[in-house]
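# Geometric and topological summary
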Amino acid sequence: PVLFQMSVSQPQAGRGVPCLRCRGTCAGFEPHSWRKICKSCKCSQEDHSLSSDLEDDRKIGRLLSDSKYSTLTARLKGGDGLRIYKRNRMIITNPIISRKDPTFDTITYEWAPPGLNQKLAMQYMELIPKEMQPVAGTEGAYYRRRQLLRQLPLYDQDPSQCRGLAEGELKLMEDFVKKYKAEALGVGEVALPGQGGDGKEEGKPHDKSIDATKAAESTNGALEPAPAGGHYRCETCKQAVPGDCPVVYADRAGYSRLWHPACFVCCCCSQPLVDLIYFWKSGAAWCGRHYCESLRPRCAGCDEIIFSEDYQQAEGMAWHEKHFACLECETLLNGKPFTLDSTNLLCTTCSQSKRL
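First things first, this report covers the structure right here in the doc. (Residues numbered from 1 in each chain as written. Predicted model: local features only at pLDDT ≥ 70, side-chain atom pairs only at ≥ 80, totals over all residues. Heavy atoms only, no water.)

Looking only at helices and strands, the chain has six helices and 18 strands in total. The burial tally for the chain puts 47% of its 356 residues in the buried class. Relative to all contacts within the chain whose residues are 6 or more apart in sequence, the contacts with residues 24 or more apart total 52%. Carbon and sulfur atoms make up 50% of the accessible area of the chain, which amounts to about 18300 Å² in all. (Helix = DSSP H or I, 4+ residues; strand = E, 2+ residues; numbered from the N terminus. Buried < 20%, exposed > 50% of the residue type's maximum accessible area, 1.4 Å probe, protein only. Contact = heavy atoms within 4.5 Å. Areas by Shrake-Rupley, 256 points an atom, 1.4 Å probe, with all protein chains shown as cover.)

Turning to the packing of aromatic side chains, a few remarks are in order. Scanning the model with the defined rule gives 12 aromatic pairs in all. Each ring, one from Phe176 and one from Tyr180, has its centre 5.7 Å from the other, and the planes form 90 degrees; the classification is edge-to-face. On the criterion of helical spacing, the pair formed by Phe176 and Tyr180 is a turn pair, its members being four residues apart in helix α4 (residues 170-183). Residue classification places Phe176 among the buried positions, given a relative accessible area of 12%. By relative accessible area, which is 3% here, Tyr180 ends up buried. Ring centres 5.3 Å apart and planes at 80 degrees place the aromatic pair Tyr180 and Phe279 in the edge-to-face group. Remark: Phe279 occurs in strand β13 (residues 277-281) and Tyr180 occurs in helix α4; sequence separation between them is 99 residues. The burial state of Tyr180 is the same as that of Phe279; both residues are buried. Here the aromatic cluster, defined as three or more aromatic residues joined through ring pairs, consists of Phe176, Tyr180, Phe279, Tyr291 and Phe307. The ring centre of Tyr155 lies 4.6 Å from the NZ or CZ of Lys36, which sits over that ring. (Phe/Tyr/Trp six-rings, centres within 6.5 Å; stacked < 30°, edge-to-face > 60°. Lys NZ or Arg CZ within 6 Å of the ring centre and 35° of its normal.)

This paragraph deals with the pattern of salt bridges. On inspection of all chains with the given rule, the structure shows 17 salt bridges. Note that Arg62 and Asp158 form a salt bridge whose closest N and O atoms lie 3.3 Å from each other. Separated by 96 residues along the polypeptide, Arg62 in helix α1 (residues 53-64) and Asp158 in the loop between α3 (139-151) and α4 bring together distant segments of the chain. The class for Arg62 is partly exposed, based on a relative accessible area of 34%. (Salt bridge = Lys/Arg side-chain N within 4 Å of Asp/Glu carboxyl O.)

For the rest of this paragraph, the subject is the sheet that holds strand β14 (residues 284-286). Strand order in the open sheet made by the three strands is β6-β13-β14, with antiparallel pairing throughout. In the strand order of this sheet, the two ends are held by β6 (185-187) and β14, each with one partner. Taking each pair of neighbouring strands and ignoring which way they run, the sheet shows an average axis angle of 45 degrees. Pairing of β13 with β14, which is carried by three bridges, proceeds in the antiparallel orientation. When the bridges of β14 are listed, Phe279 appears paired with Trp286. In the packing of helix α5 (residues 288-295) onto the sheet, the strands contacted are β13 and β14, and the crossing angle to β13 comes to about 25 degrees. (Pairing = 2+ DSSP bridges. Axes fitted to C-alpha atoms, helices over the stretch in contact; angles between N-to-C directions.)

Counting residues in each nonpolar core, the largest one holds 60 residues, and the members touching the most others are Tyr180, Phe264 and Phe279. Beyond its immediate sequence surroundings of up to four residues, Tyr180 is in contact with Leu63, Asp156, Gln157, Leu185, Phe279, Tyr291 and Cys292. Counting 18 residues, the second-largest nonpolar core is a separate cluster that includes Met317, Ala318, Trp319 and Phe324. (Core = buried A, V, L, I, M, F, W, Y, C linked by side-chain atoms within 4.5 Å.)

If you trace the backbone, Ser67 turns up in the loop between α1 and β2 (73-75). Assessed through its relative accessible area of 11%, Ser67 is described here as buried. From its side chain, Ser67 meets the backbone oxygen of Leu64 in a polar contact 2.5 Å long. Ignoring anything within four residues of it in the chain, the contact list for Ser67 reads Lys181 and Leu185. (Polar contact = N/O pair within 3.5 Å; in protein donor to acceptor, adjacent residues only side chain to side chain.)

On to the pairing of strand β16 (residues 317-320). The alternating pattern of β16 places Met317 and Trp319 on one face and Ala318 and His320 on the opposite face, and all of these are buried. Inspection of the sheet shows strand β15 (residues 311-314) paired to β16 by four bridges, in the antiparallel sense. Looking at the pairing, Ala314 lines up with Met317 of β16. Joining the antiparallel neighbours β15 and β16 is a turn of two residues, in which Glu315 adopts a positive phi near 50 degrees.

With that out of the way, let us pick up α4. An α-helical turn contains 3.6 residues, so a residue and the one three or four places further along point in the same direction. Compared with the 20 Å implied by 1.5 Å per residue over 14 residues, the 20 Å span of α4 between its first and last C-alpha is a close match. Turning to α4, its buried residues are Met173, Phe176, Val177, Tyr180 and Lys181. Angular distribution of buried residues about the axis of α4 spans 125 degrees; they occupy a single face of the element. Set apart from the buried face of α4 by more than 90 degrees, the exposed residues are Lys171, Lys178 and Ala182. Turning to α4, the residues buried within the fold contact α1, β6, β13 and α5. (Expected span 1.5 Å × (residues − 1). Arc of directions from axis to C-beta.)

Treat this as a map of the structure, not an account of what it does.
Pasting the structure below:
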């Protein structure tokens, strides 16, 4: 038997988590004042795996609320109107037959596509690389949590989480978020080839902008016919898709396009789109991080989107004026000599010290 359930978890301790990149050279996460890194080891928050299930569900609930995907959220009791992500957790219990009393082997997937029957859900999971399958307690579950932090930063949607916003920029960010929710944000739908968008019922995860009885509409408004002879091809790898294998549809792309589950990736970083959350632009799917960066520069210091027209630039990167500072001593470097090692900005004194 397979059980689908909405997951609501309790927060987990975070600051005591040692860094996974530098293998515990710091005692635990010590947040910097404005950088999204550990003050001790200089690694990112995602390297410390700080977020809890509840924090992730709150974040995605906020992202999907006030959008046509709000059916994937639920109002949180006592949450002052806040909405939480109705994340599907799939629990599979298989009996183990032995000479003695039977026991059960239970596998828990921390996320599964909504609205699927048991067979299709399991087929979908089998088409995902094993190291990315979100089985609780495995590398795949950690990969999902890390990608939630990486692809969907909270500070890309919530102005209250930003340290780089100057006075007068709050409205710019609010309009930016409102616009991408209306025009670009999407959640992929898993179905068999040719069945995407069919049978819409109240409470289903997708809210079709295209009538399912008509041909799919492309981004330029022209009607696209269904594939001749019932042959379907993946948009990414262009390989044929068997009619009995689940695929991913993106309603903003039109229902004449489909993807293998493992091929539904960001066009910029080629990483699988976590929980099928995508942003549609220029005929391609993007993760949230790279979609935002395609419209506005991102500060290499605080990792937030820059809404000011005055910012520093060097070697293809950008910084808020107040964040153009040495990584080690925090001296502002506007008009001063500096070195750039990867993304690490250093004053000449600290740069020389590191070479010694």
